[in-house]
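Understanding the architecture of this molecule
Residues per chain are reported as follows:
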Amino acid sequence: MSTVRAMVDTAGSQNPPADKRQRLTNGQLLLGLGIAMLAVLIIVTVFAPLIAPFDPSKTSPNSLAGPSAQHWLGTDSIGRDVLSRLIVGGRTTLLITAVAVFLALAAGLVLGLLSGYLGGMVDEIIMRVLDVVFAFPVFLLAIAVVAALGPTVPNLILTIAIVYTPAMARVVRGPVLSVKEWDHVEAARSVGVSELRLVLRHVLPMVISPIVVATSLTLSHTIFTVTALSFLGLGPPPPDPNWGGMLSEARQFMELAPLTVVGPATAIVFATLTFIVLANGLREVLDVGSWR
Amino acid sequence: MRLAKKRPTDAPLLQVRDLSVVFPAQRGNPPLAAVKGVSFDIAPGQTLGLVGQSGSGKTTTGRAILQLQKVHQGSVELLGEDLTKMSSSNLRRMRRHMQFVLQNPYSSLHPRMTIAQTLTEPLRVHRSVPPSQMRERVAELLELVNMDPAVMHRYPNAFSGGQRQRIVIARALAVNPDFVVCDEPVSALDVRTQAQIVTLLRSLQDKLGLSYLFIAHDLAIVREVAHKVAVMFGGRIVEMGNASQVYDTPAHPYTQMLLNAVPIPDPIIQRKRLRLTPPEFRFSADEDHDGPCSHGENHVRTGTAPWHQIADGHGISCRYWPPTS
Amino acid sequence: MSDPTLILRVRNLTARIATRKEEIHAVRGISFDIAAGEAVGFVGESGCGKSVTARAIMRLAPEGTSIALGGSVDFMGQDLLQLDEKAMRDLRGRRIAMVFQDPMTSLNPVMTIGSQIDDIVRRHTELRGRAIRQRTVELLNLVGIPNPERRADNHPHQFSGGMRQRVLIAIAISCDPDLLIADEPTTALDVTVQAQILRLLMRLREERGMSLMLITHDFGVVAGMVERVNVMYRGEIVESGSVERVFAEPAHEYTRALLHAVPRLDTAGRVL
């Protein structure tokens, strides 16, 4: 008996037959890698003081030293241990990032659900206001707010939360707009379920996947934004270390001690990459692409 | 457990009068009158079949009766209370008397709620069963629709279309309603499953004294379940009567055309039917044309509804009658 | 092919469909013939393999899957399962054409109806220049689209479901195929529109002497349209015979169950 492998050749279907097993493995691999990287970040952040070999603020006459057995990544311009500052500084950067994104997520969730579910005038007003915020370039807005309020950690968090709220709200609103029309929501409404329960029990669970992915991506953006603002001197004030600030200081001595730049730069890239990998892994595993 | 309000025993369970629904203007499209002055009654324990082609307004009528769609005009009285004028909290209370079975059993169940969760939701909302007896009631409901109660902890994806529709029906029956709107309840199912669900709906009606508004495009299915039939066209009812009146002696040309188009599973008859050229009907859709209708009456002048009683309980609209010329 | 009156001779056809999750043995060794000019119906419930059979003949995999075929599909002396992909592509649409259930997804929403038909005419015929559009208008006229010259410049969304199905039928018959496969061509349509489309298919078949493979779940649709019926169940043909015989004396238990479940307009309804 002859067997022929035929491929799809219709005008209507563009995508070639995908092998689910292959795709799933890729997604799971990415997700696993992302989780491992995230675990490294979390462990280092939580146990920073225990892990750091030196007091990150302790100066020494041994400035701008190269890597040695004692100082693995060398020392900075006033003789502080770069590795220790990197470990402790990560704490500040990641904490600001996490809290800011959490706030943006909370605000975006509430606004997006209200806007998408209620629709009509409420939707119009919320989306118009958010559009105004959204219209500003992230940095310009952040610089303006931080410059006006002063570069403290709470202000930085608030600013970043405000900047990212519109994007989060949109991520929530889009799917809510369609899910609220779905049959099972209508069925629950016809049974007499209250509006609040409809939103929380029947609409929200259906839009969780895109929100999770968007949150992870926003985390990676935010790390970058936080370090960039710190780099520009709008971050947490010295002497407490943070990655953006360290990069900024090291830049002045880049020719003398290039390694002092590599440390914070690598850390920033690693952290940003963590959340991008995580987001892509989640996207594959949660199947957000084929989300209707 | 009826409402305290005293009602005469022969009163219809549901009384719809002059119901109109207008979809507001959207993106440059003018407002659309989807339902225009629909009136009918449904008696306790009876089924009204609402048939018509897509876009005829039959689904919108069903949703408007359940107040899932804003009513523009008219009244909907269930158990003697006008639903259109009710506060939202009273309306939610009234929902235990009226339930909804949707067309697509694949989308009308929450995919991440177990069958037990889905079935207890209406019970919780209406506090009709104490929490300790929920499980028992869920099992009872599943047995009512001929399903094994052991499946209650599964998710909808474990079930076939027909089984899901049974669960949807069980959910609708959870709070002992008097009236159920079934919107194309079997059109997404295979023919053998269709027959099973239709049989189930009929036996539940006999057992529980339910009233149905049975909305469907399939005239043959409606014939199997309906006591009375209303034919919709362009947002209006063009013919209404007992099932045998409408099916055996259709009076409106639109009804005749619909019935003639339904394929009959008999090769000899069906071949002949296909050979017949269908007549072209030109409906006078003119809203208030000043002149005699097909029955020689000028409704604008006499101020009467364009509706003609042609037999006891059998009426047709003359609005869409082809011009006599 | 031994018998010159046969245009399709399918023997022991099997189809396994691999989706992302699983592999389904959708067609399990079926055999049937279609004679020149004959109309054959395939009836069964969803998942019985009737649509896959049609796609197997066209060697098309359902979207997002791959299909493994076995057996032989002898179409006018050629085994389609042995043809290379290029030869197959040349044959599809020209010798065997197909009409699907959902006329919207089969049309390109951003191209006018006319230019979509023009493309097919250009690809499969020798016509060039203005003759192409002439042929397109002729085809639209043939399937009963009013004002074909003007309507050719419309986009699919400006057509109703029934009109779109007419367009697809126009495309399907544009190359005078020997076999037209119609897969649930009226399932998405209203009953009066369904009757129109069925009449159109019947007329075209008689005028052009083309063979018709009509796939449907509806015994009513198949009753007036075909000479022979194959009833499918779980990937197999469980009953096959003349339409009169199958309806009057169904031999297989499954056919009887199906026919029994079909609601009928002409027999008594609910007992009051």
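A brief report on the enclosed structure follows.

Scoring rules and cut-offs
Residues numbered from 1 in each chain as written. Chains lettered and ligands numbered in written order. Predicted model: local features only at pLDDT ≥ 70, side-chain atom pairs only at ≥ 80, totals over all residues. Heavy atoms only, no water. Helix = DSSP H or I, 4+ residues; strand = E, 2+ residues; numbered from the N terminus. Rg over C-alpha atoms; globule rule 2.2 N^0.38 Å. Buried < 20%, exposed > 50% of the residue type's maximum accessible area, 1.4 Å probe, protein only. Contact = heavy atoms within 4.5 Å. Areas by Shrake-Rupley, 256 points an atom, 1.4 Å probe, with all protein chains shown as cover. Lys, Arg positive; Asp, Glu negative; His and termini not counted. Charge placed at Lys NZ, Arg CZ, Asp CG, Glu CD. Buried area = accessible area lost by both parts, 1.4 Å probe. Salt bridge = Lys/Arg side-chain N within 4 Å of Asp/Glu carboxyl O. Pairing = 2+ DSSP bridges. Axes fitted to C-alpha atoms, helices over the stretch in contact; angles between N-to-C directions. Parallel < 35°, antiparallel > 145°, perpendicular 65-115°, else oblique. Left-handed = near helix turned anticlockwise from the far one by under 90°. Phe/Tyr/Trp six-rings, centres within 6.5 Å; stacked < 30°, edge-to-face > 60°. Lys NZ or Arg CZ within 6 Å of the ring centre and 35° of its normal. Polar contact = N/O pair within 3.5 Å; in protein donor to acceptor, adjacent residues only side chain to side chain. Nonpolar A, V, L, I, M, F, W, Y, C, P; charged D, E, K, R; others polar. Expected span 1.5 Å × (residues − 1). Core = buried A, V, L, I, M, F, W, Y, C linked by side-chain atoms within 4.5 Å. Right-handed = clockwise from strand over helix to strand, strands pointing away. 1 Å grid on protein atoms, 1.4 Å probe; cavity = no way out; pocket = protein on both sides within 12 Å on 5 of 7 lines; lining within 4 Å. Points joined across faces, edges and corners; volume = space filled by probe spheres on them.

1. Considering the overall build of chain C
Secondary structure summary: chain C contains 10 helices and 10 strands in total. Against the globule reference of 19 Å for 272 residues, chain C gives a C-alpha radius of gyration of 19 Å, in line with a compact fold. Summarising its shape, the C-alpha atoms of chain C cover approximately 55 × 55 × 40 Å along the three principal directions. Residues counted as buried form 56% of the 272 residues belonging to chain C. By sequence separation, contacts in chain C at least 24 residues apart represent 64% of the contacts at least 6 residues apart. Accessible surface, chain C: about 11000 Å² in total, of which carbon and sulfur atoms supply 48%. When the 34 basic and 34 acidic side-chain charges of chain C are each reduced to a single mean position, those positions are 4 Å apart.

2. Describing the overall build of chain B
For chain B, the count of helices and strands is 11 helices and 12 strands. When the 325 residues of chain B are sorted by exposure, 54% land in the buried category. Considering only contacts within chain B whose residues lie at least 6 apart along the sequence, 66% involve residues at least 24 apart. Of the roughly 14500 Å² of accessible surface on chain B, a fraction of 49% belongs to carbon and sulfur atoms.

3. Let's talk about the interface of chain C and chain B
Taken together, the contact pairs 37 residues of chain C with 37 residues of chain B. Taken together, both faces of the contact between chain C and chain B bury some 3400 Å²; the carbon and sulfur share is 59%. Our enumeration of links across chain C and chain B arrives at 3 salt bridges. Note that Glu206 of chain C and Arg275 of chain B form a salt bridge whose closest N and O atoms lie 2.8 Å from each other.

4. Comments concerning the sheet that holds strand 8 (residues 211-216) of chain C
Residues and elements named next belong to chain C. Here 6 strands make up an open sheet; going across it, the order is 6-7-8-3-9-10 and the pairing mixed. Two strands lie at the open edges of the sheet, namely strand 6 (96-99) and strand 10 (236-242), each paired on one side alone. The sheet shows a mean angle of 15° between the axes of neighbouring strands, taken without regard to direction. Sitting on the sheet, helix 1 (residues 50-58) touches strand 3 (39-43), strand 6, strand 7 (179-183), strand 8 and strand 9 (228-233), and the angle it makes with strand 8 is about 145°. This element, helix 10 (residues 253-261), spans strand 9 and strand 10 of the sheet and lies at about 100° to strand 9.

5. A closer look at the packing of helix 5 (residues 138-149) of chain A against helix 8 (residues 195-231) of chain A
Residue and element names in this part refer to chain A. Where helix 5 meets helix 8, the closest approach of the two axes is 11 Å, and the angle between their N-to-C directions is 50°. The angle between helix 5 and helix 8 places the two elements in the oblique class. Along this stretch, helix 5 crosses helix 8, giving a crossing that reads as right-handed. On helix 8, the residues that touch Val138, Phe139, Ala142 and Ile143 of helix 5 are Phe224, Thr225, Ala228 and Leu229.

6. Looking at the packing of aromatic side chains
Enumeration according to the criterion identifies 4 aromatic pairs over all chains in this entry. A cation sits over an aromatic face here: Arg170 of chain A above Phe134 of chain A, 4.5 Å from the ring centre. The positively charged end of Arg151 of chain C is found above the aromatic ring belonging to Phe159 of chain C, 4.4 Å away from the centroid.

7. Remarks on the pattern of salt bridges
Counted according to the given criterion, the structure contains 32 salt bridges over all chains. Here Glu121 of chain B ties to Arg197 of chain A by a salt bridge, and the two come within 2.8 Å at their closest N and O atoms. Pair noted here: Glu121 of chain B is in helix 3 (residues 115-125) and Arg197 of chain A is in helix 8, and the two residues belong to different chains. For Glu121 of chain B, a relative accessible area of 5% gives the class buried. Residue class for Arg197 of chain A comes out partly exposed when judged on its relative accessible area of 32%. Two residues, Arg208 of chain C and Asp176 of chain C, come together in a salt bridge whose shortest N-O distance is 2.9 Å. Taken as a pair, Arg208 of chain C in helix 7 (residues 191-208) and Asp176 of chain C in the loop between helix 6 (161-173) and strand 7 lie far apart in primary sequence, 32 residues in all. Given a relative accessible area of 46%, Asp176 of chain C falls into the partly exposed group. The structure contains a network of salt bridges with shared partners spanning Glu124, Arg128, Asp131 and Arg170 of chain A.

8. Concerning the environment of Leu232 of chain A
Take Leu232 of chain A: it is sitting in the loop between helix 8 and helix 9 (243-252). Along the backbone, Leu232 of chain A and Val207 of chain A are 25 residues apart, and their C-alpha atoms lie at a distance of 37 Å.

9. Points about the environment of Ile276 of chain A
If you trace the backbone, Ile276 of chain A turns up in helix 10 (residues 259-286). Placed 246 residues apart in sequence, Ile276 of chain A and Leu30 of chain A show a C-alpha to C-alpha distance of 9.8 Å.

10. Remarks on the interface of chain B and chain A
Each partner contributes residues to the interface: chain B has 22 residues there, and chain A has 16 residues. Of the roughly 1800 Å² buried between chain B and chain A on both sides combined, carbon and sulfur atoms contribute 54%. When residues of chain B are sorted by the area they lose upon contact with chain A, His110, Arg112 and Glu121 of chain B head the list and together hold 29% of the total. For the interface between chain B and chain A, the tally reads 2 salt bridges. A salt bridge links Arg63 of chain B to Glu186 of chain A, with the nearest nitrogen and oxygen atoms 2.5 Å apart. Inspection of the chain B/chain A interface yields 10 residue pairs in polar contact (both at pLDDT 80 or more). Counting only elements with at least two residues in the side of chain B that touches chain A, the list comes to strand 6 (98-101) and helix 3 of chain B. Of all the elements, helix 3 of chain B adds the most residues to the side of chain B that touches chain A, at 4 residues. Residues of the side of chain B that touches chain A, tallied by class, amount to 9 nonpolar, 7 polar and 6 charged.

11. Brief notes about helix 3 (residues 113-124) of chain C
Residue and element names in this part refer to chain C. Here helix 3 is 12 residues long and its end C-alpha atoms lie 17 Å apart, about the 16 Å a rise of 1.5 Å per residue gives. All of the buried residues along helix 3 are Ile113, Gly114, Gln116, Ile117, Asp118, Ile120, Val121 and His124. Each element contacted by the buried residues of helix 3 is listed here: helix 2 (85-91), helix 4 (130-142), helix 5 (148-151) and helix 6.

12. Quick notes on the pairing of strand 6 of chain B
Residues and elements named next belong to chain B. Every second residue of strand 6 is oriented toward a common face, with Met98 and Phe100 on one face and Gln99 and Val101 on the other, all of them buried. Pairing of strand 6 with strand 7 (residues 179-183) involves 4 bridges; the strand directions are parallel. Along strand 7, the bridge assignment pairs Met98 with Phe179.

13. Let's talk about the sheet that holds strand 7 of chain B
Residues and elements named next belong to chain B. Here 8 strands make up an open sheet; going across it, the order is 6-7-8-3-9-10-12-11 and the pairing mixed. Looking at strand neighbours, the two that pair on one side only are strand 6 and strand 11 (307-311), the edges of this open sheet. Taken pair by pair, the neighbouring strands of this sheet meet at an average axis angle of 20°, ignoring direction. Here helix 1 (residues 58-65) sits on the sheet and contacts strand 3 (47-51), strand 6, strand 7, strand 8 (211-216) and strand 9 (228-233); the angle it forms with strand 8, its principal contact strand, is near 150°. Where helix 6 (residues 191-208) meets the sheet, its contacts fall on strand 3, strand 7 and strand 8, and the angle it forms with strand 8 comes to roughly 160°.

14. Let's talk about the nonpolar core
Residues and elements named next belong to chain B. Judged by nonpolar contacts, the single largest core of 59 residues is most densely connected at Ile169, Leu219, Val229 and Tyr247. Tallying contributions element by element places helix 5 (residues 161-173) first for this core, with 6 residues. The residues contacting Val229, other than those within four sequence positions of it, are Leu48, Gly49, Val51, Val222, Glu239, Met240, Gly241, Ala243, Val246 and Tyr247.

15. Some remarks on helix 5 of chain A
Residues and elements named next belong to chain A. Between its first and last C-alpha, helix 5 extends 16 Å over 12 residues, near the 16 Å set by a 1.5 Å rise per residue. Next to the buried residues of helix 5 lie helix 4 (120-135), helix 6 (153-179) and helix 8. Immediately downstream of helix 5, the backbone of Gly150 shows phi near 100°, a positive value.

16. A few points about the pairing of strand 7 of chain B
The side chains of a regular strand alternate, residue by residue, between the two faces of the sheet. Residue and element names in this part refer to chain B. Within strand 7, 5 of the 5 residues are buried, which leaves the element mostly enclosed by the surrounding structure. Residues Phe179, Val181 and Asp183 of strand 7 are buried on one face, and the alternating residues Val180 and Cys182, pointing to the opposite face, are buried as well. Between the parallel elements strand 7 and strand 8, the chain passes through helix 6 in a crossover that is right-handed.

17. What about empty space enclosed by the protein?
Taken as a whole and judged by the stated rule, the model has 4 cavities of 30 Å³ or more. Empty space within the largest cavity amounts to approximately 120 Å³. Taken together, the elements giving at least two residues each to the lining of the largest cavity come down to helix 3 (82-118), helix 9 and helix 10 of chain A. Per-element accounting of the lining of the largest cavity gives the leading share, 3 residues, to helix 9 of chain A. Among the residues forming the lining of the largest cavity, the class breakdown is 6 nonpolar, 2 polar and 3 charged. Taken together, Asn260, Ala261, Pro263, Gln270, Arg273 and Leu274 of chain B together with Ala195, Leu198 and Arg199 of chain C form the lining of the second largest cavity. Those elements giving two or more residues to the lining of the second largest cavity turn out to be helix 9 (253-261) and helix 10 (267-275) of chain B together with helix 7 of chain C. Class assignment for the residues of the lining of the second largest cavity results in 5 nonpolar, 2 polar and 2 charged.

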